[in-house]
Amino acid sequence: MGVNVDHEQRRNAIADIVAGIIAEHGLDGVTIRRVAAAAGYSTTIVTHYFSGKYELLRYTHQIAAAHAQKRIHSVLARDPCNLKGCLEAMLPLDKASLQDWKVYFAFWQVASFNTDFAEQEKRSTQHARDLIAITLDARREAGLLAYSMDIAAAARRLLTIVQGIALQALVDRDQWSPVRQREFLANELQLSALYHL
């Protein structure tokens, strides 16, 4: 009798291993052989689920994005108007979210010359902006923002701020601790009159 295998669970486990390799060794460290060894699988099993390195990276990026979305939805389920919480859920404030950001930046490198990856990144970025826009709209409906505000422009600006903070946190963890990230974000929100503490 054959062993029952949850294929989605196995793909996700492999993606977690890829994310760990990227976090420790960068994109160049990702090879089918290394992933298989880290997973305790043969290379044949890995290539059964993923045709090659780029497919591994694409799926790993999707899983990293899903992690962020889960964090954001958890915040907004408690308070749909919690803009600060929504944005903080996107930042690399702990080991897991820092690893997700390392995956994003590795993916961006490939997206700069691969049109398929670029399209996936555009969709992912748009989804992040949409989540911010939904939160801004909830704040507007609650009377916390002016109805004249350009929600799409504000969401674009806020995501750009989050991406900038994340980049600094990746390259200079000492100067961009979680406390510093939160302080900088709160200051930007106050300056833009999008959030009142």
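Structure's up top.
About the cut-offs
Residues numbered from 1 in each chain as written. Predicted model: local features only at pLDDT ≥ 70, side-chain atom pairs only at ≥ 80, totals over all residues. Heavy atoms only, no water. Helix = DSSP H or I, 4+ residues; strand = E, 2+ residues; numbered from the N terminus. Areas by Shrake-Rupley, 256 points an atom, 1.4 Å probe, with all protein chains shown as cover. Lys, Arg positive; Asp, Glu negative; His and termini not counted. Charge placed at Lys NZ, Arg CZ, Asp CG, Glu CD. Expected span 1.5 Å × (residues − 1). Buried < 20%, exposed > 50% of the residue type's maximum accessible area, 1.4 Å probe, protein only. Contact = heavy atoms within 4.5 Å. Phe/Tyr/Trp six-rings, centres within 6.5 Å; stacked < 30°, edge-to-face > 60°. Lys NZ or Arg CZ within 6 Å of the ring centre and 35° of its normal. Core = buried A, V, L, I, M, F, W, Y, C linked by side-chain atoms within 4.5 Å. Polar contact = N/O pair within 3.5 Å; in protein donor to acceptor, adjacent residues only side chain to side chain. Arc of directions from axis to C-beta. Salt bridge = Lys/Arg side-chain N within 4 Å of Asp/Glu carboxyl O.

Engineer: How should the overall build of the protein be read in this particular structure?
Structural biologist: Along its length, the protein carries 9 helices and 0 strands. What you see in the protein, going N to C, is helices and strands ordered as α-α-α-α-α-α-α-α-α. If one aligns the C-alpha atoms of the protein with their principal axes, the spans along those axes are about 60 × 40 × 30 Å. In the structure as shown, the protein presents an accessible area of about 10,500 Å², 52% of it carried by carbon and sulfur atoms. The averaged location of the 21 negative side-chain charges in the protein is 2 Å from the averaged location of its 22 positive side-chain charges.

Engineer: Got a minute to help me understand helix H4 (residues 53–78) in this structure?
Structural biologist: Note that an α-helix has 3.6 residues per turn; residues three or four places apart therefore point the same way. Helix length check: H4 (26 residues) gives 38 Å between terminal C-alpha atoms against 38 Å at 1.5 Å per residue, within 8%. Residues of H4 that are buried include every one of Leu-56, Leu-57, Tyr-59, Thr-60, His-61, Ile-63, Ala-64, Ala-65, Ala-68, Ile-72, Val-75 and Leu-76, and no others. Considering only its buried residues, H4 is in contact with helix H1 (7–25), helix H2 (32–39), helix H5 (83–88), helix H6 (95–111) and helix H7 (115–141).

Engineer: Mind showing me how you'd approach the packing of aromatic side chains here?
Structural biologist: The final tally for this structure, using the stated rule, is 8 aromatic pairs. For the pair Trp-101 and Tyr-104, a centre-to-centre distance of 4.9 Å together with 85 degrees between the ring planes defines the contact as edge-to-face. Here Tyr-104 and Trp-101 lie together in helix H6, a separation of 3 residues that amounts to about one turn. On the accessibility criterion, Tyr-104 (9% relative accessible area) is buried. Ring geometry for Trp-176 against Phe-184: centres 5.2 Å apart, planes inclined by 65 degrees, an arrangement best described as edge-to-face. A relative accessible area of 27% places Phe-184 in the partly exposed class. Aromatic rings pair up to connect Trp-101, Tyr-104, Phe-105 and Trp-108 into one cluster. Against the face of Tyr-59 rests Arg-11, its NZ or CZ located 4.3 Å from the ring centre. For Arg-180, the ring lying beneath its charged end belongs to Trp-176, and the centroid distance is 4.8 Å.

Engineer: Just to check I follow, could you spell out the nonpolar core for this structure?
Structural biologist: The tendency in soluble globular proteins is for nonpolar side chains to be buried as a group. Formed by 59 residues in total, the largest nonpolar core has its most connected members in Val-35, Leu-87, Met-90, Ile-132, Leu-136 and Leu-158. Considering each element in turn, this core owes the most residues, 10 residues, to helix H8 (residues 151–171).

Engineer: How do you make sense of the environment of Ser-112 when you look at a structure like this?
Structural biologist: With respect to the helices, strands and loops of the structure, Ser-112 is situated in the loop between H6 and H7. Overall, the relative accessible area of 62% leaves Ser-112 in the exposed class. Of the polar contacts made by the side chain of Ser-112, one reaches the backbone oxygen of Gln-109; its length is 2.6 Å.

Engineer: How should H2 be read in this particular structure?
Structural biologist: All of the buried residues along H2 are Ile-32, Val-35, Ala-36 and Ala-39. Take H2 and look down its axis: the buried residues cluster within an arc of 100 degrees, on one side only. Across from the buried face of H2, at angles greater than 90 degrees, the exposed residues are Arg-33, Ala-37 and Ala-38. Tucked inside the fold, the buried residues of H2 contact H1, helix H3 (43–49) and H4. A positive phi of about 75 degrees marks Gly-40, the residue just after H2.

Engineer: Explain the side chain of Thr-125 here, please?
Structural biologist: Position of Thr-125 among the secondary structure elements: in helix H7. Separated by 2.7 Å, the side chains of Thr-125 and Glu-121 make a polar contact. Sequence-distant contacts of Thr-125, that is, excluding residues within four places in its chain, are made with Leu-159 and Gln-163.

Engineer: I would appreciate a short explanation of the side chain of Arg-129 in the present structure.
Structural biologist: Assignment of secondary structure puts Arg-129 in helix H7. At 6.1 Å, Asp-130 is the nearest oppositely charged side chain to Arg-129, a buried residue that forms no salt bridge. Of the polar contacts made by the side chain of Arg-129, one reaches the side chain of Gln-126; its length is 2.7 Å. Apart from the residues lying within four places of it in its own chain, the contact partners of Arg-129 are Ala-155, Arg-156 and Leu-159.

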